[in-house]
Amino acid sequence: MTRTLLHVVGARPNFMKVAPVLAAGSAAGVRQLLVHTGQHYDHAMSDSFFTDLGLPRPDEHLGVGSGSHAEQTARIMMAMEPVLDKHRPDWLVVYGDVNSTIAAALVAAKKGIRIAHVEAGLRSRDRAMPEEINRILTDQLADLLLTPSRDADGNLLAEGIPAERIGFVGNVMVDTLLRLRGAARARGAVESLGLADRPFVFVTLHRPSNVDDRATLTELAGALTDLAGQLTVVFAVHPRTRQRLADWGLTAALAGVRLLDPLGYLETINLAERAAFVLTDSGGLQEETTVLGVPCLTARPNTERPVTVTEGTNRLVASTRAAIGQATTRVLADRAAGAFSGRQPEGWDGRAGERIIARIAAMA
Ligand code: UD1
């Protein structure tokens, strides 16, 4: 293929998705460019992922940083325009559902540059979630919708997307997980954190619906305090969550919980693999725990990744102290009874990156 692909990433969950596609593209001799919008910029949220995943230095770094949704999206759009004019790629490849995804797609669509959306078709049916807006709009703009699971194909067909634009390729994040699982063990975060000899819960929480509402975050802090009475609780705290805990005077209430800064990819996978269970509101960890066969409680009323519940190890739980307490009791009992072997959903096999490149190459 002599065409040029321009990949756009910006936020933490994009990085593990672009890595296998870049690798497959290189192996196939495709001309590729990597653009980092700078939506995430802290070392722990960005550079450490580039290092651990073996990603090349971006060809362009837009340095947009944080802001309101409107500010951030607008800044990315303005910075993307000259980049697309300069490189004139045949395809823009965007990933997931973050603001960088929709912003880049919107600019490319108006310039007549074809768009491939990796992780297309996921729907929570909850438009209060900013990512749901990003998913719906990016899928409307995309010329090629590359889906991670069969439910996503059904969602797109129901929205009137023509079948010939939809390509089921499986879950590309699993390519990275399977490639780096051994490296994650070798990094040994569990050992260096002194967790090797004890059962622990690994916690991450950062969704606006959980951490930007004072009553909900107070409930969650109560739930973590209760959990810490039963087993070790390790909480990798996203910058926005740390800010909210401080704003509302909740940090002191978490004295029994081990609060860590955001972890790198290899550390995160190592902790997830060895945890008694994971408590999260992340999209990626719902999928990673399914592959690892580790129980996951997702503190959300819905999920855009339903196969992690129907086929994997994921359970939804309300973001209240009482609900998380009850779910913990059940999860620990079911885990002891061996209920969490899990099943690998179709196409979660480590080969999605190759299928993505093959599918783009097959388009005229
Ligand atoms: C974004 C994505 C979300 C994803 C998450 C992973 C959108 C709409 N949301 O949410 O889907 O699950 O990334 O982390 O794109 N901040 C820092 N350092 C950083 C980045 C952010 O301190 O490197 C702080 C800033 O105060 C910023 C806040 O975190 O305002 C939120 O960052 P932002 O990129 O707006 O959204 P996330 O909550 O990270």
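Per chain, residues are indexed from 1 in the order of the written sequence. It should be noted that, the model being predicted, local features are given only for residues of pLDDT at least 70 and side-chain atom pairs only at 80 or more, the latter also being counted only at that level, while totals for whole chains, interfaces and linings use all residues. Hydrogens and water are ignored here; the side-chain numbers use all heavy atoms of the structure.

A.B. asks: Hey, could you go over the sheet that holds strand β9 (residues 232–236) for me, with residue numbers and the actual values?
C.D. replies: Here, a strand pair is defined by DSSP locating no fewer than two bridges between the strands. Counting from the N terminus, the helices are DSSP H or I runs at least four residues long and the strands are E runs at least two residues long. Taken in spatial order, the six strands of this open sheet run β10-β9-β8-β11-β12-β13, and their pairing is parallel. Whereas interior strands pair on both sides, the edge strands pair on one side only; in this sheet they are β10 (258–260) and β13 (314–316). Within the sheet, the average angular offset between the axes of one strand and its neighbour, ignoring direction, is 20 degrees. With three bridges joining them, β9 and β10 adopt parallel strand pairing. For valine 234, the partnering residue across the bridge sits in β10 and is arginine 258. Relative to strand β8 (residues 200–204), helix α12 (residues 265–274) is tilted by about 135 degrees, and along the sheet it contacts β8, β9 and β11 (277–280). Think of each axis as a best-fit line through the C-alpha atoms, taken over the contacting stretch in the case of a helix, with angles from 0 to 180 degrees between the N-to-C directions. Contact between two residues is taken to exist if any of their heavy atoms lie within 4.5 Å; hydrogens are not considered.

A.B. asks: So what about the domain arrangement of the chain? Which residues, and what values?
C.D. replies: For the chain, the domain assignment lists domain 1 (4–170 + 349–362) and domain 2 (188–336). Taking the mean C-alpha position of each, domain 1 and domain 2 sit 27 Å from one another. The partner domain 2 presents 16 residues to the 20 residues of domain 1 that form the contact. In short, buried area is how much 1.4 Å probe accessible area vanishes from two parts on joining, totalled over both. With both chains or domains summed, domain 1 and domain 2 bury close to 1500 Å², and 58% of this area falls on carbon and sulfur atoms. The rule for a salt bridge is simple: a side-chain nitrogen of Lys or Arg has to be within 4 Å of a carboxyl oxygen of Asp or Glu. Inspection of the domain 1/domain 2 interface yields four salt bridges. As a salt-bridge pair, aspartate 97 and arginine 305 come within 4.0 Å of each other at their nearest N and O atoms. Any pair of nitrogen or oxygen atoms within 3.5 Å is treated as a polar contact; in protein, a donor-acceptor pairing is required on top of that, and neighbouring residues in sequence qualify only through side-chain atoms on both sides. For the interface between domain 1 and domain 2, the tally reads four residue pairs in polar contact (both at pLDDT 80 or more). For the side of domain 1 that touches domain 2, the element with the most residues is helix α2 (residues 47–53), which contributes four residues. Throughout, the edges of the domains are those of an automatic or database domain assignment.

A.B. asks: Provide a residue-level description of helix α1 (residues 12–27), including the pertinent values.
C.D. replies: Remark: the principal bend of α1, roughly 30 degrees, maps to valine 18, with a proline, proline 20, within the next four residues. Type-normalised accessible area, obtained with a 1.4 Å probe on protein chains alone, sets the label of each residue: buried when under 20%, exposed when over 50%, and partly exposed for intermediate values. Of all 16 residues in α1, twelve are buried; the element is thus mostly enclosed. Residues Arg12, Asn14, Phe15, Met16, Lys17, Val18, Ala19, Pro20, Val21, Leu22, Ala24 and Gly25 constitute the buried set of α1. Immediately downstream of α1, the backbone of glycine 29 shows phi near 75 degrees, a positive value. The angle separating two fitted axes, one through the seven residues that finish at a residue and one through the seven that start at it, defines the bend at that residue.

A.B. asks: Which residues make up the pairing of strand β4 (residues 91–95), and what values go with them?
C.D. replies: By the criterion of burial, β4 is predominantly enclosed, with five of the five residues buried. Side chains Trp91, Val93 and Tyr95 of β4 all project onto a buried face; the interleaved residues Leu92 and Val94 project onto the opposite face, where all are buried too. Relative to β4, strand β1 (residues 4–9) is paired through four bridges, and the arrangement is parallel. What sits directly across from leucine 6, in β4, is leucine 92. Alignment of β4 against strand β5 (residues 114–118), held across five bridges, turns out to be parallel. Considered in β5, the bridge of tyrosine 95 is made with valine 118. Considered for its hand, the β-α-β crossover made up of β4, helix α4 (residues 99–110) and β5 is right-handed. Look down the strands so they point away from you; if the path from the first strand over the helix to the second goes clockwise, the crossover is right-handed.

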